[in-house]
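# Chain and residue survey
In case you want the letters, here they are:
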Amino acid sequence: MNRYLFLLFFALTLVACNRNNLKLEEAKQNLAEFYKNNPKELQGTTAFEAIIKDKDSGYNNILFRLYIGAGLLKLKEKITVSDTPIYVYQITEANYPYIIKETKSKYGYPIFVVKTFDYYVDQITDIKYSPDRKEAAVKFNLSIRNLTPFGKDAADPNHKMFLLGFFKFVNNVWQFEKIEPDFDKY
């Protein structure tokens, strides 16, 4: 009799533990739903002041010259300040859809924030549970897709972002809580 009670107890414990397991696909769906509701979290961007001063050669200028060469920017005007030529550029009409934000510098020159690519939830790599199995940390990565013309020269298409998604088991359902960087990967 004790043997049957032990087996029954063991079977019920296994069933209860399995209910508390967060499945990989369920975690991925929850993360995808979070990003669907927060699309800006999945956008890669770059910002630049749309001017070249004389023979400026910083990083902004190198990327900027690639954009000019690719036909993403066109010369708006050339002005001279204290004998220094300043070339002011604007984004071509065909590339307006990639502008996320346009502001002016303190000197009145245009500053653009443009979309370079989209991230997507690529892979769940691990799930760790708290001792009471009421919380789970999901290791996952985002990968790049949909490179824009601005992203072709600014982004590494093989880049991955490593993150942790936190879940809580409440009322027999896994609920998504938050996302943080996975510092073990950096």
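Residues numbered from 1 in each chain as written. Predicted model: local features only at pLDDT ≥ 70, side-chain atom pairs only at ≥ 80, totals over all residues. Heavy atoms only, no water.

## Comments concerning helix 2 (residues 24-37)
What counts is decided by this rule: Strands are runs of DSSP state E lasting at least two residues, helices are runs of H or I lasting at least four, and both sets are numbered from the N terminus onward. To estimate how far a helix should reach, multiply one less than its number of residues by 1.5 Å. The buried label applies to any residue whose accessible area, calculated with a 1.4 Å probe on protein chains only, is under 20% of its type's maximum; exposed applies above 50%, and partly exposed to all values in between. Each direction from the helix axis to a C-beta atom contributes to the arc, which is the arc of those directions.
Taking 1.5 Å per residue, 14 residues should reach 20 Å; helix 2 reaches 20 Å between its end C-alpha atoms and fits that length. The set of residues buried in helix 2 consists of Ala-27, Leu-31 and Tyr-35. When helix 2 is viewed along its axis, its buried side chains cluster within an angular range of 70° and face the same direction. Along helix 2, the residues that are exposed and aim more than 90 degrees away from the buried face are Gln-29, Lys-36 and Asn-37.

## Examining the nonpolar core
The test is simple: Residues grouped as a nonpolar core are buried Ala, Val, Leu, Ile, Met, Phe, Trp, Tyr and Cys residues, joined through side-chain atoms within 4.5 Å. Here, two residues are considered to be in contact whenever any of their heavy atoms come within 4.5 Å of each other.
Core analysis: the largest hydrophobic core is formed by 20 residues, its most contacted members being Leu-22, Val-138, Phe-140, Leu-142 and Phe-167. Secondary structure elements with two or more residues in this core: helix 2, strand 6 (110-129), strand 7 (135-145) and strand 8 (160-170). Apart from the residues lying within four places of it in its own chain, the contact partners of Leu-22 are Ala-27, Ile-127, Tyr-129, Ala-136, Val-138, Phe-167 and Trp-174. Ile-52, Tyr-67, Leu-72 and Tyr-89 belong to the second-largest nonpolar core, a separate cluster that totals 13 residues.

## Observations regarding the pairing of strand 6
Rule in force here: Between any two strands, pairing holds if DSSP finds at least two bridges.
Note: strand 1 (residues 43-49) against strand 6, 7 bridges, orientation antiparallel. The residue of strand 6 that forms the bridge with Gln-43 is Asp-118. Inspection of the sheet shows strand 5 (residues 99-104) paired to strand 6 by 5 bridges, in the antiparallel sense. Residue pairing in the sheet places Ile-99 in a bridge with Val-114 of strand 6. Between strand 5 and strand 6, which pair antiparallel and follow one another directly, the connecting turn spans 5 residues, one of which, Gly-108, has a positive phi of 90°. Taken together, the 10 bridges between strand 6 and strand 7 define a ladder with antiparallel strand orientation. If you follow Val-121 over to strand 7, its bridge partner there is Leu-142. Linking strand 6 to strand 7, which pair antiparallel, is a turn of 5 residues; within it Arg-133 sits at a positive phi near 60°.

Any functional reading would require information that these geometric values do not contain.
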